[in-house]
Amino acid sequence: MSSAFPQLLSPLRVGRHTLRNRVVMGSMHTRLEQLDQPLERQAAFYAARAAGGVALIVTGGFSPNSEGRLEPGGPVLDAVPQADELRGVTEEAHRHGAKILLQILHAGRYAKHDEVVGPSAIRSPINPLIPRALTKGEIERTLDDFVRCAQLAERAGFDGVELMGSEGYLINQFTARHTNTREDEWGGSLENRSRFPVELTRHVREALGPDFLIMYRISAIDLVEGGSTGAEIDLLARAVEAAGADILNTGYGWHEAQTPTIAYQVPRAAWTFAAARLKRAVRIPVIASNRINTPETAEAILARGDADLISMARPLLADAEFVNKATEGRSDEITPCIACNQSCLDHIFTERVATCLVNPRACRETEFSNGPASRGMRIAVVGSGPAGLSAAVESARRGHVVTLYEAESQLGGQLNLARRIPGKQEFEGLLRHFTRQLQLLSVDVRTRTRPTPDHLRAQAFEHVIVATGIVPRTPQIPGIDHPNVLGYIDVIQGRVEVGRRVAIIGAGGIGHDVAELLLDDGQAHTTDKFLSEWGVDESIVQPGGSTAPHPAQPLRELYMLQRRPGRIGAGLGKSTGWILRSRLKRNHVSRLMKSRPCSQPRVDNALARAGATRIRCAGLQWSGVPSAASTRTTRFKRTHPRLSESGALRQVARLN
Ligand SMILES: Cc1cc2nc3c(=O)[nH]c(=O)nc-3n(C[C@H](O)[C@H](O)[C@H](O)COP(=O)(O)O)c2cc1C
Ligand code: SF4
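Keep in mind it's a predicted model, so treat the numbers as computed, not measured.

Asker: Tell me about the overall build of the protein, residues and numbers included.
Answerer: Scanning the protein from N- to C-terminus turns up 21 helices and 24 strands. In summary, the protein has a C-alpha radius of gyration of 26 Å against a globular reference of 26 Å for 656 residues, a match within 12%. Taken along its principal axes, the extent of the C-alpha atoms in the protein is 75 × 65 × 50 Å. The burial tally for the protein puts 50% of its 656 residues in the buried class. In the protein, of all internal contacts separated by at least 6 residues, the share reaching a separation of at least 24 is 75%.

Asker: Please provide a residue-by-residue account of the domain arrangement of the protein, values included.
Answerer: For the protein, the domain assignment lists domain 1 (12-349), domain 2 (378-469 + 615-654) and domain 3 (472-520 + 555-613). Each partner contributes to the interface: domain 1 provides nine residues, whereas domain 2 provides nine residues. Tallied by class, residues from the side of domain 1 that touches domain 2 come to four nonpolar, three polar and two charged.

Asker: Residues and numbers for helix H15 (residues 426-440), please.
Answerer: Along an α-helix, residues three or four positions apart point the same way, because every turn accommodates 3.6 residues. Compared with the 21 Å implied by 1.5 Å per residue over 15 residues, the 21 Å span of H15 between its first and last C-alpha is a close match. All of the buried residues in H15 are Phe427, Leu430, Leu431, His433, Phe434, Gln437 and Leu438. Projected down its long axis, H15 carries its buried residues within an arc of 155°, all on one side. Among the structural elements, helix H13 (386-397), strand S14 (401-405), helix H14 (415-418) and strand S15 (444-446) are those in contact with the buried residues of H15.

Asker: Tell me about the site of ligand 1, and please be specific about residues and values.
Answerer: Around ligand 1, 22 residues are found, and the nearest of them are Gly26, His29, Gly61, Ala313 and Arg314. Where the shell around ligand 1 is concerned, the elements lending two or more residues are strand S4 (56-62), helix H10 (314-318) and helix H12 (345-349). Its residues assigned to classes, the shell around ligand 1 shows 11 nonpolar, eight polar and three charged.

Asker: Lay out the packing of helix H1 (residues 38-51) against helix H3 (residues 87-95) in plain terms, naming residues and giving numbers.
Answerer: Packed helix pairs are characterised by how far apart their axes lie and by the angle those axes make with each other. H3 packs onto H1 with a crossing angle of 15° between their chain directions and a minimal axis gap of 8 Å. With respect to their mutual orientation, H1 and H3 come out roughly parallel. Classified by chirality, the crossing of H3 by H1 is right-handed. Side by side, H1 and H3 meet where Leu39, Gln42, Ala43, Tyr46, Ala47 and Ala50 of the first sit next to Gly88, Val89, Glu92 and Ala93 of the second. The residue makeup of the contact of H1 with H3, split by class, is seven nonpolar, two polar and one charged.

Asker: Before we move on, could you go through the site of ligand 2 and cite the residues and values that matter?
Answerer: Around ligand 2 there are 14 residues in total, and Arg314, Cys337, Cys340, Cys344 and Cys356 lie nearest to it. Taken together, the residues of the shell around ligand 2 sort by class into 10 nonpolar, three polar and one charged.

Asker: Explain H13 to me, and be specific about the residues and the numbers.
Answerer: Taking 1.5 Å per residue as the helical rise, H13 with its 12 residues ought to reach 16 Å, and the 16 Å between its terminal C-alpha atoms agrees with that figure. Residues of H13 that are buried include every one of Pro386, Ala387, Gly388, Leu389, Ser390, Ala391, Ala392, Val393, Glu394, Ser395 and Ala396, and no others. After H13 finishes, the residue Gly399 shows a positive phi value of roughly 100°.

Asker: Could you give me a rundown of the nonpolar core, with the residues and numbers involved?
Answerer: Membership of the largest hydrophobic core comes to 155 residues, with the highest contact counts inside it found for Ile310 and Val381. Looking at this core, the element that brings in the most residues is strand S9 (residues 213-221), giving seven residues. Here Ile310 is in contact with Leu8, Arg22, Val23, Val24, Ile287, Ala288, Ile292, Ala298, Ile301 and Leu302, once residues within four sequence places are set aside. In this structure, Leu486, Ala503, Leu558 and Leu584 belong to the second largest nonpolar core, which totals 23 residues.

Asker: Mind laying out the sheet that holds strand S5 (residues 99-104), listing which residues take part and the relevant values?
Answerer: The eight strands lie next to each other as S10-S9-S8-S5-S4-S3-S12-S11, forming an open sheet whose pairing is parallel. Each edge of the open sheet is held by one strand with a lone partner, namely strand S10 (247-252) and strand S11 (287-288). Bridge count between S5 and strand S8 (residues 160-165): four bridges; the pairing is parallel. Residue pairing for S8: Leu102 is matched across the bridge by Val161. Packing against the sheet, helix H4 (residues 136-155) makes contact with S4, S5 and S8, and its axis sits at approximately 155° to S5.

Asker: Outline the packing of H13 against H15, listing residues and values.
Answerer: For the pair H13 and H15, interaxial distance at closest approach is 10 Å and the crossing angle is 35°. Between H13 and H15 lies a crossing whose hand is left-handed. Taken together, the residues of H15 that come into contact with H13 (itself represented by Leu389, Ala392 and Val393) are Phe434, Gln437 and Leu438. In the contact of H13 with H15, the residues fall into five nonpolar, one polar and no charged.

Cut-offs used in this document
- In this convention, every chain numbers its residues from 1, walking through the sequence in written order.
- Written order decides the labels, with chains lettered from A and ligands numbered from 1.
- Given that this is a predicted model, residues contribute local features only at a pLDDT of at least 70 and side-chain atom pairs are listed and counted only at 80 or more, while totals for whole chains, interfaces and linings are drawn from all residues.
- Think of it this way: any DSSP run of H or I at least four residues long counts as a helix, any run of E at least two long counts as a strand, and we number them from the N terminus.
- Computation of the radius of gyration draws on C-alpha atoms alone. For the globule rule, the value is 2.2 Å times the number of residues to the power 0.38.
- As a rule, residues whose C-beta atom has 12 or fewer other C-beta atoms within 10 Å are exposed, those with 20 or more are buried, and those in between are partly exposed; C-beta atoms are placed from the backbone.
- Residues are scored as being in contact if the C-beta atoms we place from backbone atoms lie within 7 Å.
- Here the limits of each domain have been adopted from an automatic or database domain assignment.
- Any residue that is not Ala, Val, Leu, Ile, Met, Phe, Trp, Tyr, Cys, Pro, Asp, Glu, Lys or Arg is counted as polar, Gly included; the first ten are nonpolar and the last four charged.
- Take the residue count of a helix, subtract one, and multiply by 1.5 Å to get its expected span.
- Working note: the arc is built from the helix axis to C-beta atom directions.
- Put plainly, near means the residue's C-beta atom, positioned from the backbone, lies within 6 Å of the molecule or strand in question.
- For every element, the axis is a line fit to its C-alpha atoms; helices are fit only across the contacting stretch, and the angle between N-to-C directions ranges from 0 to 180 degrees.
- Here the word oblique covers every angle except those under 35 degrees (roughly parallel), over 145 (roughly antiparallel) and from 65 to 115 (roughly perpendicular).
- What makes a crossing left-handed is the near helix being turned counterclockwise from the far one by less than a right angle; a clockwise turn instead makes it right-handed.
- Residues of type Ala, Val, Leu, Ile, Met, Phe, Trp, Tyr and Cys that are buried and joined through C-beta atoms within 7 Å form what is called a nonpolar core.
- At least two DSSP bridges between two strands are required for those strands to pair.

So this is what it looks like as structure tokens:
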């Protein structure tokens, strides 16, 4: 069968194994171990991705000893009973034709517990705890712990291990001058700083033999002061290759780096230049990673010869069937990862289990029924924002007959606002995806229609799902009626002229999005522009690969006003809020708080944003709808897009 993705779908021989295609599921710590029945849940999570066609799965990081855990209770693999329990996970991956590696991750100075250690006693800016410098004896013992962990992985049925040498974790801390000031054989010269990863790879190879796959995740660019140069990274790559690594995976930027590496602001495949450099340095297969979320992007990277394999982590949270759909010529049906981080990384950072904004079934594989409903019903969905679209698609997929009502001429609700924000163009793809699904599932779509209770009653729907969303609340501020005060929806939709000096009232997510829009210069968001704005040196001549940032000249003078005390934008997502705050700072946006005395700025326009009110739905008395005993009405309690999709799925799951 001819394919649009000949490179992506071609097999690859690695070591003594054959991978069925070029798609690697990147490592993700999901925190599933914190829930009841953790092993069943993990087995189901990986089984879904293996059944979805991925060639090689890498698990989330397991620490080789208790010091290396990221947090108390974090996953460790240091004993035989644990290895035996993990058999269920590897068997599921193998049953569906995938290979599976266990990632060994020692957090080093990023650990958030009392046993925190590192090559040197240098604190990380993102951890209040100062690490204790490992003694020479402890370094040897740590290497043994890694080897024991790899042996246990083999016992559990894993095809190999990934040694996590990037993102600023312990191995990476040894390789960078920045964190390794040792004066013994484990620090100082490049050879000494490389000793830990090289010895580690050699020890694992010697202990596990030639059949066991060893993947080394190298930091292809550190993005921190005192990080490695490109030439040093190339030498390290060759040294781990010589020590026995079969595959080189790549990571970009340490966790403490001040450059975004995976958020939606990062253009697709922006870091591939660093993987391509390593591909030229070694003979073993190299994996490109980060923000590669379509088969088209992946195919182009392979076709250019920039990498041999493609790692996708979040895209496989968003759609477990990614590879099958690409194989079957249905790539337009792939649910796209929009790189929002809201339900995956932000959950992990706030001690919750990961899932996915666009696929709430992710990490809930054992909870939601996926097959057809026992009885097809006639269902009306009112409102076509993310919740309504999701409810309509999911209901139709499970065999119900669905009518979707939308008051506007266009489907999408708030998605139509989100997709206009610079850097949030991925939302466009999400809307396209939903629209295509509605078509394929023959959902009866009625735009420009506000259904009345009489209409719904007359249609004899058995279930009505109300997903009518929100309207902005107008704050009661003197002067709010002045013609220069604008609403954010009009501004985002380009329906009003905005002056050069603007005050934005409200500093939450929407306030920040509006600021991004008003500062945007209208130029395409290319990789070159992104790398230049954030000061990334593609040649990696400077240690760490950072150079002076070149932000675009701000187009406007902005003031952001926040009534609440505390840091401006403190409620933004953990993994993306700092990016927005740092862009505003660079654009000289003045941020004012009510609690802080300030002079009143003179501005051309004020943009009011003060929370949202649920739409009451044009006079519909929802309590009046279910006149027939068989009709039930569901109103989403929370209408914010963050929760609405999973809310939708939960509602639909009940319609069995
Ligand atoms: C929820 C979550 C957990 C992650 N945990 C790990 C991990 O344990 N080890 C690791 O090497 N990378 C981890 N990563 C990073 C991913 O492997 C990957 O580098 C990153 O998500 C960018 O790739 P993507 O755009 O394909 O998602 C994690 C990412 C996410 C979203
Ligand atoms: S939550 Fe957002 S970033 Fe995370 S996998 Fe889903 S779409 Fe991608």
